Amino acid sequence: MFADIVGTENCITDPAGLRVYECDGLTGTRVRPAVVVLPATTDEVARCIVRARERGMPIVPRGSGTGLSGGALPIDGAVVIGTSRMRAILDVDVENQRMRVQPGVINLDISKHLAPLGYYYAPDPSSQSVCSIGGNVAENSGGAHCLKYGFTINHVVALTIVLATGEVVEIGSPVADPLGYDLTSAVIGSEGLLGIVTEVVVRFLRKPQATRTVFATFPSTDEAGEAVSRIIAAGIVPAAIEMMDALAIEAIVAATHVDWPLDVGAALLMDVDGIAAEVDETAEAAIAILQAIGAVEIRSPRDENERQLMWKGRKGAFAAMGRISPNYYVQDGVIPRSDIARVLREIADLSARSGFRIANVFHAGDGNLHPLVLYDGRAGDESERAEEVASEILHICVKYGGSITGEHGVGADKAAYMGEMFGDDDLETMHYVRCAFDATQSFNPTKVFPAPRICGDRAGAR
Amino acid sequence: MHAPASLDEAAALLHELAGRERTVGITGGERPGGPAAVAVDEVVSTRALDAIVEYVPADQIVTVQAGVTVARLQAALRERRQRLSLDPPVPERTTIGGAVACASYGPLRTRYGTAKDAIVGMSIVRADGVPARGGGKVVKNVAGFDIPKLMVGTYGTLAMIGTVTFRLHPLPAASSEVIVNGCTLGDLRSLVHAIIAAQLEPSAIYATYDATGYACCVRFEGFPEGVKAQRDALLALAKRDASEGSLEADHERARAAGSLQVKITVPPSAIEELHAQAVSPLYRALDGAHAAIYPTVCAAFVSGEAGDGAGVLSALTAARTFAERSGGNLVTLEAPSMIRASFDSWGTPPPSYKLMRALKARFDPKNRLNPGGFVGGL
């Protein structure tokens with residue numbers, strides 16, 4: 001029913017082909033869509049949307065399918081519109097530090113493309129070697145280095161979006177201060193509820209003069225958390241500062257070739273970057289703080305290869321859990337940075353109480369926790385109980401004034417928790433935005449909002 | 001003028017005004033409405049909403065009410081050696097709510113971006129008098145649509161800003177400003193290229209104009225060794241008359257003196273033309289003119305007195321035509337009524353205007369908040 005638009009080979013309806021699209025990175029939940037289409041152009045996307053609307057089918061946008069909250073989880077009877085064939089780099093404007101790309105372009109490929117010119121794209125989610133920029137826009141993706149450099153929303157200046165009506169609209173601008181409402185801020189992080197983005201203009205940055213990486217181990221997460229607080233209090237803005245607890249270190253060592261010690265309670269991996277003279281000064285200041293707090297060991301990578309290996313270890317941490325547990329549930333919550341040590345103790349108590357091992361690997365600099373609840377899916381109701389433990393962690397985050405998601409999104413997974421962070425009036429206000437873009441609610445209709453809401457006709461009220 | 005003393009009072013007031021279908025202008029200062037200065041039935045001032053609600057230095061997060069001035073907030077933060085990296089003009093009178101509603105910024109935009117880049121949460125009072133929140137008080141948060149960032153630069157047309165939560169930065173331990181004199185915009189463009197090529201990381205670059213040419217100020221901030229290294233590097237690569245100093249007073253006049261204040265943005269490729277097509281003609285047409293340029297942002301600011309207006313109008317029209325043709329725009333941030341009567345403050349609405357109208361219709365269905373005060377009569 002879409003083959004005339006995208007070609008038979010890009011219109012998937014056979015059960016075997018559809019299986020691939022039954023879930024995203026949230027693999028525990030699967031729904032088979034009615035059809036998957038892979039358009040190549042903005043025009044094809046628009047025609048697919050119009051066709052889906054004519055047939056009353058819900059539309060689920062999909063990038064690389066690496067999302068961890070079910071944002072690309074199909075809905076019964078839906079058409080999944082995937083952007084994996086839209087991988088063209090359309091324009092690079094070096095002087096303006098802007099690049100226009102199609103949404104299926106892989107995050108890391110942007111930086112690879114820019115590397116010979118001495119530039120890079122800052123947001124670096126751990127999945128950056130496979131995730132798409134369109135998916136990053138939908139989720140407002142961050143990554144380890146967003147502590148200093150910000151999120152997708154700080155690095156995307158303009159978008160081409162196809163609305164539910166099939167209209168193609170340019171929003172934002174590569175030029176500063178575009179007139180009117182900042183619609184890019186509405187679309188970035190809207191989790192595929194407002195339309196399908198078919199072009200993205202990113203802002204890229206000059207590579208820093210120098211980067212220094214420091215790895216330190218501690219007797220427990222208490223000292224590691226305290227080290228993070230003191231480094232920040234000293235006026236240092238690390239590019240990234242990541243914490244791993246003993247269980248996370250064990251998994252990473254098992255899965256990769258990093259030679260990290262196994263007899264420690266926690267480790268920090270920190271980057272400082274910028275002006276060479278300043279990087280030296282701040283790295284030495286940070287090392288002095290680490291020593292004062294009682295770091296067991298402090299080391300710097302000998303060369304760029306070892307540095308890359310350390311970061312590969314960190315970025316592969318989730319997948320590494322497979323080495324120490326048959327299954328794991330990834331949680332994503334945020335707490336005020338100064339509460340890290342307290343919250344980690346609460347999570348340890350929860351682990352002891354519930355009997356589930358919980359590994360912690362997270363962006364300590366901005367309080368973005370990623371507790372991994374380890375379980376065995378073959379054993380009775382462990383899967384459900386692990387999920388309950390993970391949800392308990394979200395309650396702790398909200399209790400400390402944090403957030404139910406720092407970067408993985410609400411999607412299908414956390415819609416039910418939105419009411420814990422926001423009141424009905426807050427959600428209604430967000431719903432205004434959705435209705436302004438798509439009063440038909442054709443895009444990802446069951447996601448993000450905890451309960452269905454109608455878009456009453458307010459446009460005619462004036 | 002109403003001046004509610006709490007957010008509850010503000011909500012009750014806006015609810016009552018909604019019931020009576022009164023049009024409402026919101027202001028942190030003397031008059032509401034932003035550039036277009038449209039007439040409204042009721043004016044709501046945020047001057048009594050002047051509390052710093054919560055400041056947690058360890059988290060580098062502050063929540064303030066809309067009526068707190070930028071200067072007062074910065075003074076409070078300075079005591080804990082932190083700052084909000086946003087420096088709109090006239091900080092003594094500019095309120096946080098005003099700076100956010102007008103998306104106002106200063107030279108620190110070079111490194112730190114706009115209000116949007118610093119905001120992590122917000123509470124608003126909607127047109128119907130209902131209070132609502134978005135975001136939170138942690139730097140990283142993707143729960144729900146980003147209402148706080150959407151509110152930046154809406155000029156009081158979607159809702160009243162109640163409180164704003166910002167992420168903060170450490171106050172730099174050292175700072176140095178280098179002035180490079182006698183530049184054309186071509187020289188400025190080359191200077192920016194050289195700074196980028198040398199991987200320097202200035203926190204601010206701005207230039208002021210005085211009819212003989214541009215003087216460019218490059219500010220470095222951070223730890224002493226890095227600041228010194230960058231200053232020395234710049235002095236070496238400037239290849240012309242350069243020295244330490246400051247252009248703050250000239251810059252402030254270009255940003256905030258005069259009854260006509262114009263902002264022009266263009267892409268970097270048009271920056272050399274920006275002088276001949278916009279800055280120079282406006283500078284000559286205005287009495288007591290001042291001008292400044294942020295070369296990395298590619299924004300120009302010209303201010304002065306419009307006199308009888310005739311020459312000014314043609315200069316404004318020509319400059320806008322140039323700016324819009326290059327992909328940018330020209331906005332009159334302040335203008336005497338005589339100019340406003342025949343020259344639209346905003347210019348041609350963008351291609352996404354229909355979506356903007358739809359958004360306005362959802363947030364303010366009876367078109368009561370600063371009606372007609374924004375782009376294309378939004």
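The model shown is predicted, which means the values in this text are computed figures rather than measured ones.

## A few points about the overall build of chain A
Moving on, step 1. Per the secondary structure count, chain A includes 16 helices and 20 strands.
Moving on, step 2. In terms of overall size, chain A behaves like a compact globule, its C-alpha atoms giving a radius of gyration of 22 Å where 462 residues would be expected to give roughly 23 Å.
Moving on, step 3. C-alpha atoms of chain A, sized along the principal axes, occupy 65 × 60 × 50 Å.
Moving on, step 4. Relative to its full complement of 462 residues, chain A shows a buried share of 58%.
Moving on, step 5. For chain A, long-range pairs separated by at least 24 residues make up 71% of all intrachain contacts whose partners lie at least 6 apart in sequence.

## Some words on the overall build of chain B
Moving on, step 1. Assigned secondary structure in chain B consists of 13 helices and 17 strands.
Moving on, step 2. Its C-alpha atoms give chain B a radius of gyration of 21 Å, near enough to 21 Å, the size a compact globule of 378 residues would have.
Moving on, step 3. The C-alpha extent of chain B, read off along each of the three principal axes, is 65 × 55 × 35 Å.
Moving on, step 4. Across the 378 residues of chain B, 60% fall into the buried class.
Moving on, step 5. The long-range share in chain B, meaning contacts at least 24 apart out of those at least 6 apart in sequence, stands at 69%.

## Quick look at the environment of T13 of chain A
Moving on, step 1. Looking at the element boundaries, T13 of chain A is found in the loop between β1 (11-12) and α2 (15-19).
Moving on, step 2. Note: C-alpha distance between T13 of chain A and D245 of chain A (232 residues apart in sequence) is 45 Å.

## Describing the domain arrangement of chain A
All names here are of chain A.
Moving on, step 1. For chain A, the assigned domains are domain 1 (1-207) and domain 2 (210-399).
Moving on, step 2. When each unit is reduced to the centre of its C-alpha atoms, the spacing between domain 1 and domain 2 is 29 Å.
Moving on, step 3. Opposite the 7 residues of domain 1 that make contact, domain 2 presents 13 residues.
Moving on, step 4. Residues that form the side of domain 1 that touches domain 2 fall into these classes: 3 nonpolar, 3 polar and 1 charged.

## So, the pairing of strand β9 (residues 168-172) of chain A
Consecutive side chains of a regular strand alternate in pointing toward one face of the sheet and then the other.
Residues and elements named next belong to chain A.
Moving on, step 1. Across 5 bridges, the pairing between strand β8 (residues 156-162) and β9 is antiparallel. Across the sheet, residue A158 finds its bridge partner in β9, namely G172.
Moving on, step 2. Remark: 5 residues form the turn of the hairpin made by β8 and β9, two consecutive strands paired antiparallel; G166 in that turn has positive phi of roughly 90°.

## Description of the nonpolar core
Moving on, step 1. V373 of chain A together with C216 of chain B are the most contacted members of the largest nonpolar core, which has 276 residues in total.
Moving on, step 2. Once you skip the residues sitting within four places of it in the chain, C216 of chain B turns out to touch I179, V180, C183, L188, L191, I205 and A207 of chain B.

## A look at the pairing of strand β5 (residues 89-93) of chain A
Moving on, step 1. Pairing between β5 of chain A and strand β6 (residues 98-101) of chain A: 4 bridges, direction antiparallel. Across the sheet, D93 of chain A pairs through a bridge with R98 of chain A, a residue of β6 of chain A.

## Overview of the sheet that holds β6 of chain A
Residue and element names in this part refer to chain A.
Moving on, step 1. Strand order in the open sheet made by the 5 strands is β5-β6-β10-β8-β9, with antiparallel pairing throughout. Only two strands of the sheet have a single partner each, and these edge strands are β5 and β9. Each strand of the sheet is rotated relative to its neighbour by a mean of 15°, with strand direction disregarded.

## Details of the interface of chain B and chain A
Moving on, step 1. Taken together, the 72 residues of chain B in the interface contact 76 residues of chain A.
Moving on, step 2. Ranked by the residues each element gives to the side of chain B that touches chain A, the list is headed by helix α13 (residues 353-363) of chain B, at 8 residues.

## Considerations on helix α3 (residues 42-54) of chain A
One turn of the α-helix equals 3.6 residues, which is why residues spaced by three or four share an orientation.
Residue and element names in this part refer to chain A.
Moving on, step 1. In this model, α3 (13 residues) spans 19 Å end to end at C-alpha, consistent with the 18 Å of a helix rising 1.5 Å per residue.
Moving on, step 2. Among the residues of α3, those classed as buried are E44, V45, A46, C48, I49 and A52.
Moving on, step 3. In the segment just after α3, G56 is the residue with positive phi, at about 70°.

## A few points about the sheet that holds strand β3 (residues 59-62) of chain A
All names here are of chain A.
Moving on, step 1. On the basis of which strands lie adjacent, the open sheet formed by 4 strands has the order β1-β2-β4-β3 and mixed pairing. Where the open sheet ends on each side, the last strands, each with one partner, are β1 and β3.
Moving on, step 2. Of the strand pairs in this sheet, β1 and strand β2 (residues 35-37) are connected by 2 bridges, and their pairing is antiparallel. Bridging across to β2, I12 finds its partner in V36.

## So, unusual backbone geometry
Moving on, step 1. Within the chain, E191 of chain A stands out as a residue other than glycine whose phi angle is a positive 55°.
Moving on, step 2. Relative to the helices and strands, E191 of chain A is located in the loop between α7 (183-187) and β10 (196-203).
Moving on, step 3. Within the chain, Q199 of chain B stands out as a residue other than glycine whose phi angle is a positive 55°.
Moving on, step 4. When the 17 C-beta atoms within 10 Å are taken as the criterion, Q199 of chain B is described as partly exposed.

## Structural notes on the domain arrangement of chain B
All names here are of chain B.
Moving on, step 1. What the domain assignment lists for chain B is domain 1 (7-170), domain 2 (174-246) and domain 3 (253-342).
Moving on, step 2. When each unit is reduced to the centre of its C-alpha atoms, the spacing between domain 2 and domain 3 is 24 Å.
Moving on, step 3. Between domain 2 and domain 3, the contact holds 11 residues from the first and 13 residues from the second.
Moving on, step 4. Contributions of two or more residues to the side of domain 2 that touches domain 3 are made by α7 (185-197) and β11 (204-209).
Moving on, step 5. Tallied by class, residues from the side of domain 2 that touches domain 3 come to 8 nonpolar, 2 polar and 1 charged.

## Concerning helix α8 (residues 224-238) of chain B
Residues and elements named next belong to chain B.
Moving on, step 1. Relative to the 21 Å expected for 15 residues at 1.5 Å per residue, α8 spans 21 Å between its end C-alpha atoms, a close match to the ideal helical length.
Moving on, step 2. Listed as buried for α8 are G226, V227, A229, Q230, R231, A233, L234 and A238.
Moving on, step 3. Just past α8, the residue K239 takes up positive phi, approximately 55°.

Definitions and cut-offs
Residues numbered from 1 in each chain as written. Chains lettered and ligands numbered in written order. Predicted model: local features only at pLDDT ≥ 70, side-chain atom pairs only at ≥ 80, totals over all residues. Helix = DSSP H or I, 4+ residues; strand = E, 2+ residues; numbered from the N terminus. Rg over C-alpha atoms; globule rule 2.2 N^0.38 Å. Buried ≥ 20, exposed ≤ 12 C-beta atoms within 10 Å, placed from the backbone. Contact = placed C-beta atoms within 7 Å. Domains from an automatic or database assignment. Nonpolar A, V, L, I, M, F, W, Y, C, P; charged D, E, K, R; others polar. Pairing = 2+ DSSP bridges. Core = buried A, V, L, I, M, F, W, Y, C linked by C-beta atoms within 7 Å. Axes fitted to C-alpha atoms, helices over the stretch in contact; angles between N-to-C directions. Expected span 1.5 Å × (residues − 1).

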